[in-house]
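Listed below are the residues making up each chain.
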Amino acid sequence: MSYPVEYRIRPANPAAHLLEVTLTVAQPDPAGQQFALPTWIPGSYLIRDYARNIISIRAESDGLAVALDKLDKSRWQAAAVEKPLTVTIEVFAFDQSVRGAHVDTSHAYFNGPCVFLEVVGQEDRRCGVRIEPPPKAFGKGWRVATSMEPDGAPIYGFGKYRAENYAELIDHPVEIGELSIGEFTVRGVPHAIAIRGRQAADMPRFCHDIETICATHMDLLGLPADLDRYLFLLHTPGDGYGGLEHAWSSSLVIPRDNLPRRGQDEVSDDYRTLLGLISHEYFHLWNVKRIRPAAFRPYDLSAESHTGLLWVFEGITSYYDDLALLRSGLIDVDSYLELLGRVMTRVQRGAGRLRQSVEESSFDAWTKFYKQDANAENAIVSYYAKGALIALSLDLKLRDETDGRVTLDHVMQECWRRFGETGVGMQEREFEAVCNELAGFSLQDFFDAAVRGTGELPLDHLLERHAIDVHYRTSAGTRDKGGKPARDTAQVWFGASIANRGNRAVVTAVSNGSPAELAGISPGDELVALDGLRVSANSLDTAVRRYRVNDKVGVAVFRGDELLSLDLKFAAAPQNTVHLALAADASDDALARRQRLFGK
Ligand code: ZN
């Protein structure tokens, strides 16, 4: 059958990274049809101006060319026509990220916002999409993986697909190439994972573990009425990390060495990271794809959409991603506490947490969190990491003050009923209102301090109430992410991050108030020597161990081509590295609370 809006997409020239997309509108606006391309993709809060990758555009109707006027950076106006109108674009697809489109001689991947023009005024109409193979020279053995509903296309095949409307159309990323596919069922719903990239994973184990995580989330929040399928698209290059959530699928990038190897039974650190990413993106199918801030109902993809609630959608999702690994039995309590300790460490190490609240961080995501510069650690806080700690604090506080009657699980279940099942957008303070309502008392002081304030969270106390000890120590070096005890921790603080750029040790960031800042070291400086001895990014940790608090050293740096001699006085290393441990001598009440928290 044909649809009011029909697209055809093909990797027309993989070697030149070109996709060709044709759009036919059966009944164009009699006054002249407008078209637009999104400037951003839901889930990634940065203006990306996808239209800049359109390298040619033309329109025709009834065999004749139709004039197209460009209205602004992302919109076009076609001249009035009486018959169906066809627009053809060529898109340069060379962005390897989960947010872009990428075509080469080995595969094609695209997100709808990069390639599918919106027919302005007809966004609610059904769309047909024909996905075509590349020219014969390429694509032997290529298959198609997408959560878009087939409309005649064979499973994992080229052919016709469909979507109910434009918003749904652009929420189905598509991967085309040589794919390893695993399939499984979660509570009766077919799920699949399609992996691109050379790999030799233990697929049965991998699918089993993913299924366990999905079932844990599904049992918490329930099966959405419209979730009749789900697909993980996984790209495994040598290096890289990223994920983007969609309503029926997610796109993930992770190094291939994070995949579970055949013959390996334990959950390695790398595999745990992969499982955490999968857990995170899957939880989003409820929290942000179906429970959404009012600012995203509907999405306005022509400009920034501001909300102070990203900490709810990313922070709470970050809390549940690791918690689900524990609840599903894939990791034990010690491993979970290590992950929590790492998140606490990440937040503690940034002085930005004392300057910016998570509500501000959410609101300004477009210009700050997504545009981090050398001063980021001093100026901004992550609504992911601190948001996860607010979720933990809130969960512990609710459990503590209601004797376990109300937990964050209940809050999320109520949010699902109120905003997810109804499709009603969550207003800016409505999450807090739900918490107050379920708790039966006001949490206003807590939210004012945690969400809109910049002080420390009451986590030490709340964890102690749950028989978990919090330990603070100094860092053991640049590779120390926290989460566990360490020997040989630093005594003194230098206060600048260094990266090797070729043979040069370049300062990438300087902590506010640190010895490096007081000495005048600046981001961009090339660090040459400490006390007359050459240093590199690799040797700096060892080099500073020669010194004690209040020792003074000469530092040589190049700023541009000028050599500067600076005087640095070492200070005591900050206690910014956290690890958690089950308390050995806790009260019976605290032990009972811990038992309820971990469900065992
Ligand atoms: Zn997320």
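These lines cover the structure that appears in this document, whether it is placed above or below. (Residues numbered from 1 in each chain as written. Predicted model: local features only at pLDDT ≥ 70, side-chain atom pairs only at ≥ 80, totals over all residues. Heavy atoms only, no water.)

1. Things to note about the overall build of the protein chain
Item 1. Each helix and strand counted, the protein chain has 16 helices and 31 strands in total.
Item 2. Relative to the globule expectation of 25 Å for 600 residues, the C-alpha radius of gyration of the protein chain, 26 Å, shows essentially globular dimensions.
Item 3. Summarising its shape, the C-alpha atoms of the protein chain cover approximately 80 × 65 × 50 Å along the three principal directions.
Item 4. The burial tally for the protein chain puts 56% of its 600 residues in the buried class.
Item 5. Summarising the internal contacts of the protein chain: among those between residues at least 6 apart in sequence, 68% fall at separations of at least 24.
Item 6. Working note: accessible area of the protein chain is about 25,200 Å², and carbon and sulfur atoms make up 48% of it.
Item 7. Measuring between centres, the 66 positive side-chain charges of the protein chain sit 3 Å from its 82 negative side-chain charges. (Helix = DSSP H or I, 4+ residues; strand = E, 2+ residues; numbered from the N terminus. Rg over C-alpha atoms; globule rule 2.2 N^0.38 Å. Buried < 20%, exposed > 50% of the residue type's maximum accessible area, 1.4 Å probe, protein only. Contact = heavy atoms within 4.5 Å. Areas by Shrake-Rupley, 256 points an atom, 1.4 Å probe, with all protein chains shown as cover. Lys, Arg positive; Asp, Glu negative; His and termini not counted. Charge placed at Lys NZ, Arg CZ, Asp CG, Glu CD.)

2. Considering the coordination of the zinc ion
Item 1. Taken together, His280 (NE2), His284 (NE2) and Glu314 (OE) make up the full set of protein donors to the zinc ion, lying 2.0 to 2.1 Å away.
Item 2. Spacing between the donor residues of the zinc ion along their common chain follows H-x3-H-x29-E. Here histidine 280, found in helix α4 (residues 269-283), pairs with glutamate 314, found in helix α5 (residues 310-327); they are 34 residues apart in sequence, far enough to count as distant.
Item 3. The exposure class of histidine 280 is buried, given its relative accessible area of 8%.
Item 4. By relative accessible area, glutamate 314 is classed as buried at 2%. (Donors = N, O, S within 2.8 Å, 3.2 Å for Na, K, Ca; no water.)

3. Let's talk about the packing of aromatic side chains
Item 1. Summed over all chains, the structure comprises 27 aromatic pairs.
Item 2. Between tyrosine 45 and phenylalanine 296 the ring centres are 5.5 Å apart and the planes differ by 20°, which places this aromatic pair in the stacked class. Note that tyrosine 45 is positioned in the loop between β3 (34-36) and β4 (54-61) and phenylalanine 296 in the loop between α4 and α5, a separation of 251 residues in sequence.
Item 3. Taking the relative accessible area as the measure of exposure, tyrosine 45 reaches 2% and is therefore buried. (Phe/Tyr/Trp six-rings, centres within 6.5 Å; stacked < 30°, edge-to-face > 60°.)

4. Focus on a nonpolar patch on the surface
Item 1. Taken together, the side chains of Ile55, Phe92 and Phe94 make up a nonpolar region of the molecular surface, amounting to roughly 300 Å² of accessible area.
Item 2. By the secondary structure assignment, isoleucine 55 is in strand β4. (Patch = residues over 30% accessible without salt bridge, like charges linked within 9 Å, V, L, I, M, F, W, Y side chains within 5 Å. Salt bridge = Lys/Arg side-chain N within 4 Å of Asp/Glu carboxyl O.)

5. Topic: the pattern of salt bridges
Item 1. Applying the stated criterion across every chain yields a total of 39 salt bridges.
Item 2. Salt-bridge contacts for arginine 75 lead to aspartate 72; the nearest nitrogen and oxygen are separated by 3.0 Å.
Item 3. Under the relative-accessibility criterion, arginine 75 is labelled partly exposed at 31%.
Item 4. A network of salt bridges, in which partner residues are shared, links Asp269, Arg272, Glu338, Arg342 and Lys484.

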